[in-house]
Amino acid sequence: MSNLYSDFGVSDALYAYGEGLLAGLRERFARIDAVAEANQAKVLLAMQRNRVDAACFHGSTGYGYDDAGRDTLERVYADTFHTEAALVRPQLVCGTHALAVALSANLRPGDELLSPVGKPYDTLEEVIGIRPSPCSLAEYGVGYRQVDLLPDGGFDWEGIRAAIGSRTKLVTIQRSKGYALRPTLSVARIGELIAFCKSVKRDVLVMVDNCYGEFVELREPSDLGADMVVGSLIKNPGGGLAPIGGYICGTKTCVDRCAYRLSAPGLGQEVGASLDVKTSLYQGFFLAPVTVAGALKGAVFAARLYESLGFPVLPNGTESRHDIIQAVELGTPEGLIAFCAGIQAAAPVDSYVRPVPAPMPGYDSEVIMAAGAFVQGSSIELSADGPLRAPYSVYFQGGLTWYHAKLGILLSAQKLLDAGLTALPEA
Ligand SMILES: *Cc1c(COP(=O)(O)O)cnc(C)c1O
């Protein structure tokens, strides 16, 4: 077996070890490919049914009136997610913005927001006002309640029932674990939770933070009753090509309100030039099922490799996956730094840079990040980060191609081997 990656510094022993592990993952990878194939067909059908043509890619400027390509892209998203409507815009500057628009458009003063799955993603703490912040929902009189998951990761059904009251207007469910140590929710479990909340209060709205989950399974939370699914285009659905943007797919009533909140009351979805980004948004969405499959294979390989080297990993190498994030507990600051150095060294962009830990707003310890991306901050591209505190876990995700993810993981392990922080098991 000749070592394809010796020029990058991967040793023959590590290469052979990785190939051995990969031989055991063939069936797993075949299942990932089968999901990608079905999702590819779903996206393609949505594009055909909406008669996507070359005119859709023409840019628009100014107010963006009659931007037919923009409107068609939104119908393609709506058809793919099986929703009545969609708002897909470069003016949604990131995932947090899309979530903030969805929440603030559909909650009014006196309403209450409920998270039945514990604390939401860090950046939403300021949106909601869990951490006091100018312009938060709390400042506008929107209340917030939270019911934590049970210690075993299950839903606290009775706690949730008790928390849904006369003011409860909207339930927010985060699909991915983000940086929390809880399981990512499968679409089936999200469906059960939606059904339960609606059985307690028929007209309660449910929004799902779908970040990192798109195209990982055959179904999306919108197939199981979510009123809105929301995410970022520099994660899964942008396929690595979208240079900016966010999406909100959902009922017409909810999405209309989001459009009025994003632009202005009375204007809504009619305005918003897409400048010259539409080709990337279409082409990225077209590629996204396959991009996500590559990222998933990378996550599974990382889990398998690091598990076999004796590091705790979440999820483990065999359990089913519902997002593209892989956590590895490296145990030492040197281990975390070496892992990130390996990911960086595998990058197509900025590969010569060495990542170093630095303070970050909102974190109580230094953070290290590895990313050599075409699109700044894009985490569908191969990237890794983690806070410099025990247990020195790294969160790893992305890879525009499986082969790039594979090289990154091998190089991360090589850096740990070189630093004497791990050793290959005896053959
Ligand atoms: C990334 C992410 C967000 C926020 O997205 P940004 O684009 O970074 O603002 C929100 N929720 C979850 C679960 C995420 O993973």
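These remarks concern the structure in this document.

This part takes up the site of the ligand. Looking at the ligand, the residues that line it are Cys-94, Gly-95, Thr-96, Leu-99, Tyr-121, Gln-174, Asp-209, Cys-211, Tyr-212, Ser-232 and Lys-235. In this structure, a nitrogen atom belonging to the ligand sits 2.6 Å away from a side-chain N or O atom of Asp-209. With respect to the ligand, the side chain of Lys-235 contributes an N or O atom lying 2.9 Å from an oxygen atom. For the ligand, whose free accessible area comes to 380 Å², the fraction covered by protein is 89%. If one sorts the elements of the shell around the ligand by residue count, helix H4 (residues 95-106) sits on top with 3 residues. Residues that form the shell around the ligand fall into these classes: 5 nonpolar, 4 polar and 2 charged.

A few words on the pattern of salt bridges. The full count for this structure, using the stated rule, is 17 salt bridges. The salt bridge partner of Lys-198 is Asp-227, with a shortest N-O separation of 2.6 Å. On the criterion of sequence distance, the pair formed by Lys-198 in helix H7 (residues 187-200) and Asp-227 in the loop between strand E5 (205-209) and strand E6 (228-232) is long-range, its members being 29 residues apart. Classification of Lys-198 by relative accessible area gives partly exposed; the value is 24%. Each of Lys-119, Glu-125, Glu-126 and Arg-131 takes part in a single network of salt bridges with overlapping partners.

Looking now at the sheet that holds strand E4 (residues 168-174). Strand order in this open sheet of 7 strands is E1-E7-E6-E5-E4-E2-E3, and the pairing throughout is mixed. The open sheet has two edge strands, strand E1 (85-89) and strand E3 (143-146), and neither has a second partner. For this sheet, the mean angle separating the axes of adjacent strands, direction not counted, is 20 degrees. Seen against the sheet, helix H8 (residues 252-262) touches E1, E5, E6 and strand E7 (246-250) and runs at an angle of roughly 30 degrees to E1.

About the thresholds
Residues numbered from 1 in each chain as written. Predicted model: local features only at pLDDT ≥ 70, side-chain atom pairs only at ≥ 80, totals over all residues. Heavy atoms only, no water. Near = heavy atom within 4 Å. Polar contact = N/O pair within 3.5 Å; in protein donor to acceptor, adjacent residues only side chain to side chain. Areas by Shrake-Rupley, 256 points an atom, 1.4 Å probe, with all protein chains shown as cover. Helix = DSSP H or I, 4+ residues; strand = E, 2+ residues; numbered from the N terminus. Nonpolar A, V, L, I, M, F, W, Y, C, P; charged D, E, K, R; others polar. Salt bridge = Lys/Arg side-chain N within 4 Å of Asp/Glu carboxyl O. Buried < 20%, exposed > 50% of the residue type's maximum accessible area, 1.4 Å probe, protein only. Pairing = 2+ DSSP bridges. Axes fitted to C-alpha atoms, helices over the stretch in contact; angles between N-to-C directions. Contact = heavy atoms within 4.5 Å.

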